[in-house]
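Okay, here's what each chain looks like letter by letter:
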Amino acid sequence: MSCTIGQSYIVKSGDIPFDIAQRELGNGNRWREILKPDGSRLTELDAINLQPGQQLCIPGAPLPSPSILTGFANIVSRQIYETMFPHRNDLYDYDSLIAAVQQYPQFCNEGTPDQRRQEAAAFLANIAHETTGGWETAPGGRHAWGLHFIEEVGCENGSCTGYCDVNNSIYPCASGQTYHGRGPMQLSWNYNYGAAGQALGVDLLANPDLVKSDGTLAFQTALWFWMTPQPPKPSCHDVMAGRWAPSAEDVTAGRTPGFGMTINIINGGLECSIPTNGKVQDRVGFYQRFTQLLGVTMGEAVYCDRMRHYALATSENPSNVDNGNCGCGIPFDGFLASDDIRTGFISGENFTNKAVQYAAVDGLAVFEGCIVLGTVEEMEQHAAKVQTGEISEDDIRLSGVHVSNPKKLWPNGIVPYAIASDLPNKERIRDAIAHWEERTSIRFVRRSNSNASQYPNYIYFQSADGCWSYVGMQGGRQEIGLASGCSTGTTIHEIGHALGLWHEQSREDRDRHIKIHWDNIKSDHAHNFSQHINDGDDHGPYDYASIMHYHATAFAKDRNKPTITPIISSKHIGQRQGLSAGDIATIRTLYPEKDSGKGLKKCPPSRPYTVQQGDWLHNIAERELGSGDRWREILKTPNNDVFTEAEVEDLNPGQIIYLPVN
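Residues numbered from 1 in each chain as written. Predicted model: local features only at pLDDT ≥ 70, side-chain atom pairs only at ≥ 80, totals over all residues. Heavy atoms only, no water.

Novice: I keep staring at the overall build of the protein and nothing clicks. Help me out?
Specialist: Helices and strands together make up the secondary structure of the protein, namely 18 helices and 15 strands. Within the protein, buried positions represent 55% of all 662 residues. Partitioning the contacts of the protein with sequence separation of at least 6, the portion at a separation of at least 24 is 69%. Just so you have it, the protein exposes about 27,600 Å², and 50% of that area is on carbon and sulfur atoms. (Helix = DSSP H or I, 4+ residues; strand = E, 2+ residues; numbered from the N terminus. Buried < 20%, exposed > 50% of the residue type's maximum accessible area, 1.4 Å probe, protein only. Contact = heavy atoms within 4.5 Å. Areas by Shrake-Rupley, 256 points an atom, 1.4 Å probe, with all protein chains shown as cover.)

Structure follows, in structure tokens:
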């Protein structure tokens, strides 16, 4: 069939619409202008499922671009912009934004007049949140401080080296450069700098600081992220402009057009599918203020608490989608491995001195790539005692990992922790902790000199060559090792180990659910797949979506082929976005909430307290309870609703909170 409009183009192996448009039309963001032979436009589904040999039609001449003056500049005047951002950084001046918009003429130029104003407000609200310097009692209010920071706080001196995916060969990290958050959308990671630079015709891998020194380019990177679809995610622009039609799967997942969907696209893994947290409320607060200034309603679906986030498409990496069946764009996994394979013995709730193989890596006995059983010396000593029969009950308790043994669980679900001062990108730890606290009853306490005697057992986050953890509470200081490439999702995974979770594919019933492709596994790494731990951790049905599951190409010879595939082909494995429903259910089994015997939480005696100007939980606890470290005993309501770390400073004068009577 010949093209009714434009010139014929035959799809080649590896083609995606963005690349075709970049090559044939000079701008990858024009991929939606590409047509099918019958003259219809490509849908999101068409874009994902292009086949070599398929015919497409490339328009012969550029489509007329909408006038800038009838788009964003006509909606947001210079006066309104300065009213929105009275404390902005000089980098983010109005003229730079207007110049950047010319690169994306469809921005705020599609849809109804109301949709165009809502898109302008939504874009500005999200970049305001990403760069905010506001606090609750800030002059002009919290939402007058958007566009305040030009780069990630704490990374100004180049210390944040953790945003380099060393496995990404398409956009490799440049020597001496860091890829922490910069610009209005806080562009981060080498793959985003590379892809944005390619679309904008600038080498941002070699010169990432351009995003914090060139105002126009800074806004262009934010618009690139806003306008570019990340299949299976739509673009934020299409959502706000009314161009996105939710699929049946989207509808089932509660994903509907509106401001909340833009949050889901940008950072859904940490902000959606959970009760609305402070980050979402901050975004919505900016959006509410900006829609009022632009004279338009906020529209429907403003929040995303009832939207399922995209567990298989990372909001931080549009080129890094793992479909569970190939090694396309697999992120840094941080596995530790060596060819020094030894045999040791571990014990559990339902077994004693089970022989397992582990890799000896820098003196550590590493099991399944990221679980540390102890030092090699400890494992060797224990193995010698097992083989000679000189084993005691104390030895078993010392060497075993008993996730079902209360002595290996954190008392009352409270986990003290400390962070090494030289560990880069500490924000990933704070985000991972917030993720756990928002979804489970687990609570984390920052260990300090003043409370060290109260918390002798604690987690210590430190720099390492990989990503690893012990399983369950070990006693004393126990490390979680994080290399610079270990992401927030990987940190959530390692904390899961410390709480007592094994890898999901270690279950006794795993062979009924997944197939191991031994021919694609490196021979000296095969031991990582041969273990079946029967330690009372097979809670509920097999959980393909667990954050504790290996990804599809773990320890692969050829990363373009899988080492694990689900028996049910539609299932996906290895996500590192957040806890699955199965993960949460398992934690509830390990750390059940105490109740009064009537199915209700037993609430401790409490007294109301009215928050004063300048109050935050630490100084209230110091003044009223005698120690700032007791802030976790303060409740939101008399019904035992606790505060999370993210809410320590989010108090409002006049708010009623509840202090323990004692």
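Novice: So what exactly am I meant to see when it comes to the packing of aromatic side chains here?
Specialist: The way to describe two aromatic rings as a pair is by their centre distance and the angle between their planes. Counted under the stated rule, the structure contains 18 aromatic pairs. Note on phenylalanine 259 and tyrosine 287: the rings are 4.2 Å apart at their centroids and 5° apart in plane angle, and the pair reads as stacked. Residue phenylalanine 259 is located in helix H11 (residues 259–271), and its partner tyrosine 287 is located in helix H12 (residues 278–294); the two are separated by 28 residues in the primary sequence. Through a chain of ring-to-ring contacts, three or more aromatic side chains come together here, namely Tyr81, Phe85, Tyr94, Phe286 and Phe290. Over the ring of tyrosine 458 we find arginine 447; its NZ or CZ atom is 3.8 Å from the centre of that ring. Lying over the aromatic face of tyrosine 460, arginine 477 brings its terminal NZ or CZ to 3.8 Å of the ring centre. (Phe/Tyr/Trp six-rings, centres within 6.5 Å; stacked < 30°, edge-to-face > 60°. Lys NZ or Arg CZ within 6 Å of the ring centre and 35° of its normal.)

Novice: Before we go on, may I ask you to explain the state of the cysteines in this structure?
Specialist: Note on terminology: disulfide describes a covalent bond linking the sulfur atoms of two cysteines. Tallying each qualifying case throughout the model produces four disulfides. In this model, cysteine 155 is linked to cysteine 160 through a disulfide, with the two sulfur atoms separated by 2.0 Å. Since a negative S-S torsion denotes a left-handed disulfide, the cysteine 155-cysteine 160 link at about -80° is left-handed. Its relative accessible area of 5% is what places cysteine 160 among the buried residues. Residue pairing for cysteine 467: its cysteine sulfur links by disulfide to cysteine 486, the two sulfurs lying 2.0 Å apart. Torsion about the S-S bond of the cysteine 467 and cysteine 486 cystine: about -100°, corresponding to left-handed handedness. Residue cysteine 467 is found in strand E10 (residues 467–469), and its partner cysteine 486 is found in the loop between strand E11 (477–482) and helix H16 (488–499); the two are separated by 19 residues along the sequence. The same class applies to cysteine 467 and to cysteine 486, which are both buried. (Disulfide = S-S within 2.5 Å.)

Novice: Sorry, what's going on with the packing of H11 against H12 here?
Specialist: When two helices pack together, their arrangement is captured by the angle between the axes and the distance separating the axes. Running from amino to carboxyl end, H11 crosses H12 at an angle of 155°, the nearest separation of the two axes being 11 Å. The orientation of H11 relative to H12 falls into the category roughly antiparallel. The hand of the H11/H12 crossing is right-handed. Every residue of H12 that contacts H11 at Phe259, Ile263, Ile266, Asn267 and Glu271 is listed here: Lys279, Val280, Arg283, Val284 and Tyr287. Its residues assigned to classes, the contact of H11 with H12 shows six nonpolar, one polar and three charged. (Axes fitted to C-alpha atoms, helices over the stretch in contact; angles between N-to-C directions. Parallel < 35°, antiparallel > 145°, perpendicular 65-115°, else oblique. Left-handed = near helix turned anticlockwise from the far one by under 90°. Nonpolar A, V, L, I, M, F, W, Y, C, P; charged D, E, K, R; others polar.)

Novice: Help me understand the packing of helix H5 (residues 94–101) against helix H8 (residues 215–227) in this model?
Specialist: Packing of H5 against H8 leaves a shortest axis separation of 8 Å and a crossing angle of 50°. Between H5 and H8, the angle falls in the class oblique. Note that H5 runs across H8; the crossing there is right-handed. On H8, the residues that touch Ser96, Leu97, Ala99, Ala100 and Val101 of H5 are Gly215, Thr216, Phe219, Gln220 and Leu223. Classifying every residue of the contact of H5 with H8 gives six nonpolar, four polar and no charged.

Novice: So what exactly am I meant to see when it comes to the nonpolar core here?
Specialist: In a soluble, globular protein the nonpolar side chains are often hidden away together inside. Ranked by size, the top nonpolar core spans 74 residues in total, and within it Phe72, Phe107, Phe123, Leu124 and Trp226 carry the most contacts. Here this core gets nine residues from one element, more than from any other, and that element is H8. Residue contacts for phenylalanine 72: discarding those within four places in its chain leaves Leu97, Ile98, Val101, Phe107, Cys108, Ala120 and Leu124. Ala418, Trp436, Tyr460 and Leu482 belong to the second-largest nonpolar core, a separate cluster that totals 37 residues. (Core = buried A, V, L, I, M, F, W, Y, C linked by side-chain atoms within 4.5 Å.)

Novice: Would you mind showing me how to read helix H1 (residues 17–24) here?
Specialist: An α-helix turns once every 3.6 residues. As a result, residues three or four positions apart point the same way. Every buried residue of H1 is listed here: Pro17, Phe18, Ile20 and Ala21. In an axial view of H1, the angular spread of the buried residues amounts to 165°, which keeps them on one side of the axis. In the stretch just after H1, glycine 26 is the one whose phi turns positive, near 85°. (Arc of directions from axis to C-beta.)

Novice: Explanation requested: the pattern of salt bridges in the structure shown.
Specialist: Per the counting criterion, the structure on display carries 21 salt bridges. Notably, a salt bridge pairs glutamate 130 with arginine 283, separated by 2.9 Å at the nearest N-O pair. Here the residue glutamate 130 occupies a position in helix H6 (residues 113–130), and arginine 283 occupies one in helix H12, the gap between them amounting to 153 residues. You can call glutamate 130 partly exposed: its relative accessible area is 24%. Exposure remark for arginine 283: the relative accessible area of 1% places this residue in the buried category. One salt bridge in this structure joins arginine 342 and aspartate 340, with 2.9 Å as the shortest N-O distance. (Salt bridge = Lys/Arg side-chain N within 4 Å of Asp/Glu carboxyl O.)

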